[in-house]
Amino acid sequence: MQVILLGPPGAGKGTQAKMLTEQYGVPQISTGDILRAAVAAGTPLGKEAKTYMDRGALVPDEAVTGIVRDRLTEPDCQAGYLLDGFPRTVAQAEALTRMLKELGTSLPTGVSLDVTEEELIRRLAGRRTCQACGEPFHVEFHPPRVGGICDKCSGNLIQRDDDQEETIRRRLQVYREQTEPLIGYYQRQGLLKTVKGLGDTGDIVCTDIEGPRRVRRSNCRSAVP
Ligand code: AMP
């Protein structure tokens, strides 16, 4: 299975990625997670990336494409992978196509998650993460038992710098300008599926490469963005 999850920040890519990777046993390649780890480790890449990430801008294509190329050549990607947050620009998509042709592997299916902007802001602004173990929470959809404290390890819950409302609006603008054109890019090649993003009531639609699959919201609760 080779899948690219497409959709604006807050559309539920992380949630869907977690379910799909568990179901298909393929690795999730999240450029956002890789970059955040580089920032936390203070590597040269992390220092450069931070200057873009803090203001909601995209990290330059060459840096991100290099990360993905290195990751795709690792043995665990042989049976497939799920790309979450990459490609983000048409230039990255073209670089990915070239890279996969060089590696002799088939082109991935793009799965586009469709969510309204109002809902995206509500989800992103309420997102909290445990500083110690990374467990995700949401002030409205998945609050911790004790405010500000992780249920799992009692670590402090923090809000990502780029989840502040002003930065969220900037990230959504960047998405519309630079990433949304990818939907047409994959559609024209017959490589796109569009599914409705997560609703705020009832069931969650889990994307499935064979078609949408419904699972009970309670099964997905811990992963709601
Ligand atoms: P995410 O967790 O996917 O929302 O990514 C967080 C931030 O990391 C983005 O706002 C960008 O600054 C950076 N980033 C992640 N993936 C990419 C990418 N493919 N291209 C450029 N910047 C990226």
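Per chain, residues are indexed from 1 in the order of the written sequence. Thresholds applied to this predicted model are a pLDDT of at least 70 for local features of residues and 80 or more for the giving and counting of side-chain atom pairs; totals over whole chains, interfaces and linings are not thresholded and use all residues. As a rule here, side-chain values come from all non-hydrogen atoms in the structure, and water together with hydrogens is ignored.

Engineer: I would appreciate a short explanation of the site of the ligand in the present structure.
Structural biologist: Here, proximity means that at least one heavy atom of the residue falls within 4 Å of the molecule or strand. Residues in close proximity to the ligand total 16 residues, the closest being Thr-31, Arg-36, Ala-57, Gly-85 and Gln-92. Contacts to the ligand include Thr-31, whose side-chain N or O atom sits 2.8 Å from a nitrogen atom. Separating an oxygen atom of the ligand from a side-chain N or O atom of Arg-88 is a distance of 3.1 Å. We get accessible surface area from the Shrake-Rupley algorithm with a probe of 1.4 Å; when it comes to residues, only the shown protein chains can shield them. About the coverage of the ligand: the protein hides 95% of its 480 Å² of free accessible area. Under the scheme used here, helices are H or I runs from DSSP no shorter than 4 residues and strands are E runs no shorter than 2 residues, and both carry numbers assigned from the N terminus. The dominant element in the shell around the ligand, judged by the number of residues it contributes, is helix α2 (residues 31-41), at four residues. Gly is put with the polar residues, along with every residue not named as nonpolar or charged; the nonpolar set is Ala, Val, Leu, Ile, Met, Phe, Trp, Tyr, Cys and Pro, and the charged set is Asp, Glu, Lys and Arg. Tallied by class, residues from the shell around the ligand come to seven nonpolar, four polar and five charged. Polar contact is the term for a pair of N or O atoms within 3.5 Å; when the atoms are in protein, one must be able to donate a hydrogen and the other to accept it, and sequence-neighboring residues count only if both atoms are side-chain atoms.

Engineer: What is the right way to read the sheet that holds strand β1 (residues 2-6) from this model?
Structural biologist: The strands making up a sheet associate through backbone hydrogen bonding, with each pair oriented either parallel or antiparallel. One bridge is not enough; two strands pair if DSSP finds at least two bridges between them. What the five strands build is an open sheet, ordered β2-β3-β1-β4-β8; its pairing is parallel. In this open sheet, the two strands that pair with only one neighbour each are β2 (28-30) and β8 (192-196). Each neighbouring strand pair of the sheet contributes to a mean axis angle of 20°, computed without reference to strand direction. Bridge count between strand β4 (residues 109-114) and β8: five bridges; the pairing is parallel. Following the sheet pairing, Leu-113 is matched in β8 by Val-195. All axes are obtained by fitting lines to C-alpha atoms, using only the stretch in contact for helices, and the reported angles, taken between N-to-C directions, cover 0 to 180 degrees.

Engineer: I keep staring at the confidence of the model for the chain and nothing clicks. Help me out?
Structural biologist: Any residue range with low pLDDT should be treated as having predicted coordinates unsuitable for detailed reading. pLDDT expresses, on a scale from 0 to 100, how confident the predictor is about each individual residue. On average, the chain scores 84 in pLDDT, and the residues at 70 or more come to 88%. Of all secondary-structure elements in the chain, the lowest mean pLDDT belongs to helix α9 (residues 217-220), at 37, while strand β7 (residues 157-158) reaches the highest, 95. By definition in these notes, contact holds between two residues if any of their heavy atoms fall within 4.5 Å. Under a pLDDT of 50 for its full length, residues 200-225 has, in the predicted model, 70 contacts with residues more than four places off or in other chains.

Engineer: How should the side chain of Thr-31 be read in this particular structure?
Structural biologist: Relative to the assigned elements, Thr-31 resides in helix α2. Among residues more than four places away in sequence, those in contact with Thr-31 are Val-64, Val-68, Asp-84, Gly-85 and Phe-86.

Engineer: Honestly, the nonpolar core in this entry has me stumped. Any pointers?
Structural biologist: In summary, soluble globular proteins display a tendency toward joint burial of nonpolar side chains. Here, nonpolar core means buried Ala, Val, Leu, Ile, Met, Phe, Trp, Tyr and Cys residues that are tied together by side-chain atoms lying within 4.5 Å of each other. Residue exposure (1.4 Å probe, protein chains only): buried if accessible area is under 20% of the type maximum, exposed if over 50%, otherwise partly exposed. Ranked by size, the top nonpolar core spans 26 residues in total, and within it Leu-72, Tyr-81, Leu-83, Leu-96 and Tyr-186 carry the most contacts. Breaking this core down by element, the ones donating at least two residues are β1, α3 (44-53), α4 (61-72), β3 (81-84), α5 (90-103) and α8 (181-188). In contact with Tyr-81, other than residues within four places in its own chain, are Met-1, Gln-2, Val-3, Val-26, Pro-27, Ile-29, Leu-72, Leu-100, Ser-106 and Pro-108. Of all hydrophobic cores here, the second largest spans 17 residues; its members include Ala-17, Leu-82, Leu-120 and Leu-124.

Engineer: Explain the state of the cysteines to me, please; I cannot follow it from the model alone.
Structural biologist: Linking two cysteines covalently via their sulfur atoms produces the bond known as a disulfide. Defined by distance alone, a disulfide is two cysteine sulfur atoms within 2.5 Å. The tally for this structure, following the rule as stated, stands at zero disulfides. Cys-133 forms no disulfide, and the closest cysteine sulfur to it belongs to Cys-130, at a distance of 3.8 Å. Cys-150 forms no disulfide, and the closest cysteine sulfur to it belongs to Cys-133, at a distance of 3.8 Å. Residue classification places Cys-150 among the buried positions, given a relative accessible area of 3%.

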